[in-house]
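Observations on chain architecture
This is what each chain is made of:
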Amino acid sequence: MRATTRPILAAFLAVLTAGAASPAHAARDRGPVWKACVEDRTAQCTTVRVPVDRADPYGPSLSIAVARRPAADPGHRIGTLLVNPGGPGGSGVDFALDSPWFFSEQVRRRFDIVGFDPRGVARSNPVVCSASLLAAGPSVVITSAHEYADTIAYNRRLAADCARRSRPVFGHADTLSVVQDMESIRAALGEERISFYGASYGTLLGAQYAERFPQRVRALVLDSVMDHSGDTDAFLGAETSAAQDSFDEFVAWCTRSAECALHGRDVRRIWAALLERAKRGTLRDPFDPSHRMTVYDLLGVAFGSFYDPQWHSLAIYLKEASAPSGRRARGTVTEVEYGFPAVFCDDWSVPVGGWTGLRDRLAALARANPQMPVSPLALASVAGCLGWSLPVSNPQRVPAPARTGPVLLINARHDPATPYAWARTLAAQLGPKATLVTYDGWGHTVYGRSDCVTTLVDRYLLAVRPPAAGTSCPGVEPAPHGVGKRPAARRGYR
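Description of the structure in this document. (Residues numbered from 1 in each chain as written. Predicted model: local features only at pLDDT ≥ 70, side-chain atom pairs only at ≥ 80, totals over all residues. Heavy atoms only, no water.)

Overview of the overall build of the chain
- On a plain count of helices and strands, the chain comes out with 17 helices and 12 strands.
- Counting only carbon and sulfur atoms, one obtains 54% of the accessible surface of the chain, whose full area is about 20,600 Å². (Helix = DSSP H or I, 4+ residues; strand = E, 2+ residues; numbered from the N terminus. Areas by Shrake-Rupley, 256 points an atom, 1.4 Å probe, with all protein chains shown as cover.)

Below is the structure:
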């Protein structure tokens, strides 16, 4: 074969998506070899080989880690339920291994539950970066043109470091690439069609897989929905509004419940005083008095508590922060796997118009959302992409109407991370095939929060019969848990 013809043939094979001659496709065609998982020998694990770049099937390849829990009742097995926990950066292998504690007995009896670590995550060629460089990162709260320029310079250093350590996957970790991997996994499993449950960022994977391979989808559950069609202002505005709404719900609970450690007190006033101390650099973490908290730190504590939600813990934390205690400092954990920007910045185009554009956007958000002036998750996402040197492979767009069977969307009305408005938007975009079930409660991800939600989702998965349009489930107020611990900060959507 002449060298000049090779790129043409490679592109042709990539378009056909059936290039059995490539090493990755050849490995797929042999079928996976299942072995007992190292982490849990009651489950089965394997790998599926895929090309790093689908446009270059003869180029580098990588192994995608896959785990399976076979249906408990094989005589009445429906098929495979592929699952993804979101993130980006969540391990689908861990999700499958932990599925007995997540999915109902009915679902586990009738489906093989299969999860995979997306490319760039955990066991599938993880994106790794210098621990010391990560630890030296600037604050995502940018307050000047100088800090803006420093952030861009840092992001470029970090991206170069991560690319050097993580190649060849860096630059090919976008969700559309994972969609192709998911199709390779389906083919390796020998399934004509699959069912899918995706949570949080995993809903983008599910929606884009269904758009690309509609004939391969039996059932599709999108839990806590990403809207991948808005611009920078829509993204920041919706996220920050959702964070403010979650704070308002926390205040309302403190007002009505004697279980709140701040019951009978002016929670907004207490919060404003803590924010002011954080701005001055005089607020110490009550669980680590050696650490002076920034505004971003404090917003992150509140935001993280809204996921479950952990209202009881947040109230105790704010009470103790108002009157610092003498607790001993805790150790810190340095992360070296850091795939979030490698995925997010390849999926989202979020230009801010330079320092003045970012400054003006943040000022407008703060005026509209006095207690949560910006979503810390949204701010970290946008700030982490400033100066990103690679082109965005999978930018926002309006998806095509669904060409699958019925699609089920579920979302909490008071979700801090994936706003309820996003679920309504995607449901409208997908058209009449989509049904949105509203959980009239709180927190991020909905399945398992109440018998009402679980029953509706299970019934859909088992029979592919969605509930009636407009169906909702009442919210269940959170029980106290994790009391006495600092509410966990959140880096991603999961």
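Some thoughts on the packing of aromatic side chains
- As enumerated under the stated definition, the model contains 23 aromatic pairs in all.
- Centre to centre, the rings of Phe-344 and Trp-348 are 5.4 Å apart; their planes meet at 10°, and the pair counts as stacked.
- Its relative accessible area of 0% is what places Phe-344 among the buried residues.
- Since its relative accessible area comes to 2%, Trp-348 is described here as buried.
- Each residue in the set Phe-247, Phe-250, Trp-253, Trp-271, Trp-311 and Trp-442 is aromatic and connected to the rest through ring pairs, giving one cluster. (Phe/Tyr/Trp six-rings, centres within 6.5 Å; stacked < 30°, edge-to-face > 60°. Buried < 20%, exposed > 50% of the residue type's maximum accessible area, 1.4 Å probe, protein only.)

Some remarks on the pattern of salt bridges
- Here the structure, examined in full by the defined rule, presents 21 salt bridges.
- For the salt bridge of Asp-94 with Arg-123, the shortest nitrogen-to-oxygen distance reads 2.6 Å. Residue Asp-94 is found in helix 3 (residues 92-97), and its partner Arg-123 is found in the loop between strand 5 (111-116) and helix 5 (131-135); the two are separated by 29 residues along the sequence.
- A residue is classified by how much of its surface remains accessible, and Asp-94, at 32% relative accessible area, is partly exposed.
- A relative accessible area of 33% means that Arg-123 is categorised as partly exposed.
- In this structure, the salt-bridge partner of Glu-183 is Arg-186, at a minimum N-O distance of 2.7 Å. With Glu-183 and Arg-186 both in helix 7 (residues 175-189), this residue pair falls 3 residues apart, about one helical turn. One exposure class covers both Glu-183 and Arg-186, and it is buried.
- Several salt bridges converge on common partners, so that one network encompasses Glu-39, Asp-94, Asp-117 and Arg-123. (Salt bridge = Lys/Arg side-chain N within 4 Å of Asp/Glu carboxyl O.)

A few points about the environment of Leu-204
- Relative to the helices and strands, Leu-204 resides in helix 8 (residues 202-212).
- Classification of Leu-204 as buried rests on a relative accessible area of 4%.
- When the C-alpha atoms of Leu-204 and Gly-86 are compared, they prove to be 8.7 Å apart, with 118 residues separating the residues in sequence.

Brief notes about unusual backbone geometry
- The omega torsion of the bond from Gly-87 to Pro-88 falls at -5°, within 30 degrees of zero and hence cis.
- Checked against the element boundaries, Pro-88 lands in the loop between strand 4 (79-84) and helix 3.
- Cis rather than trans, the peptide bond between Arg-167 and Pro-168 has omega equal to 10°.
- Looking at the secondary structure, you find Pro-168 in the loop between helix 6 (145-166) and helix 7.
- For Ser-200, which is not glycine, the phi dihedral falls at a positive 60°.
- Inspection of the secondary structure puts Ser-200 in the loop between strand 6 (194-199) and helix 8.

Quick notes on the sheet that holds strand 1 (residues 35-36)
- Here 10 strands make up an open sheet; going across it, the order is 1-2-3-5-4-6-7-10-11-12 and the pairing mixed. Every interior strand has two partners, whereas the edge strands, strand 1 and strand 12 (472-474), have only one.
- Summarising the sheet, strand 1 and strand 2 (residues 44-51) pair through 2 bridges and their orientation is antiparallel. Paired with Ala-36 across the two strands is Gln-44, which belongs to strand 2.
- Sitting on the sheet, helix 17 (residues 451-463) is in contact with strand 4, strand 5, strand 7 (217-223), strand 10 (407-414), strand 11 (434-442) and strand 12, with an inclination near 160° to strand 7. (Pairing = 2+ DSSP bridges. Contact = heavy atoms within 4.5 Å. Axes fitted to C-alpha atoms, helices over the stretch in contact; angles between N-to-C directions.)

Let's talk about the packing of helix 10 (residues 267-280) against helix 11 (residues 295-305)
- Here helix 10 crosses helix 11 at 145°, and the two axes come no closer than 8 Å. Counting all contacts with helix 10, which are made through Trp-271, Leu-274, Leu-275, Ala-278 and Lys-279, the residues of helix 11 involved are Val-295, Leu-298, Leu-299 and Ala-302.
- Taken together, the residues of the contact of helix 10 with helix 11 break down into 8 nonpolar, no polar and 1 charged. (Nonpolar A, V, L, I, M, F, W, Y, C, P; charged D, E, K, R; others polar.)

Describing the pairing of strand 2
- Judged from the 8 bridges that link them, strand 2 and strand 3 (residues 61-69) form a sheet pairing that is antiparallel. Considered in strand 3, the bridge of Val-50 is made with Leu-62.

Brief notes about helix 6
- Here helix 6 spans 31 Å end to end across 22 residues, near enough to the 32 Å set by a 1.5 Å rise per residue.
- If you check which residues of helix 6 are buried, you get Tyr-148, Thr-151, Ile-152, Tyr-154, Asn-155, Leu-158, Ala-159, Asp-161, Cys-162 and Ser-166.
- Buried residues belonging to helix 6 abut helix 5, helix 14 (354-368) and helix 15 (376-384). (Expected span 1.5 Å × (residues − 1).)

Description of the state of the cysteines
- Following the criterion strictly, the structure yields 5 disulfides and no others.
- Here Cys-345 engages in a disulfide with Cys-385; their sulfurs sit 2.0 Å apart. Where Cys-345 bonds to Cys-385 through sulfur, the torsion about that S-S bond is close to -95°, and the disulfide is left-handed. Of the two residues, Cys-345 sits in helix 13 (residues 340-347) while Cys-385 sits in the loop between helix 15 and strand 10, which places them 40 residues apart along the sequence.
- Of the residues examined, Cys-345 reaches a relative accessible area of 2% and is grouped as buried.
- For Cys-385, a relative accessible area of 10% puts it in the buried group.
- A sulfur-sulfur distance of 2.0 Å marks the disulfide that ties Cys-452 to Cys-473. The S-S bond linking Cys-452 to Cys-473 shows a torsion near -75°; that makes this disulfide left-handed. Taken together, the positions of Cys-452 in helix 17 and Cys-473 in strand 12 put the pair 21 residues apart, joining distant regions of the chain.
- Overall, the relative accessible area of 30% leaves Cys-452 in the partly exposed class.
- For Cys-473, a relative accessible area of 1% translates into the label buried. (Disulfide = S-S within 2.5 Å.)

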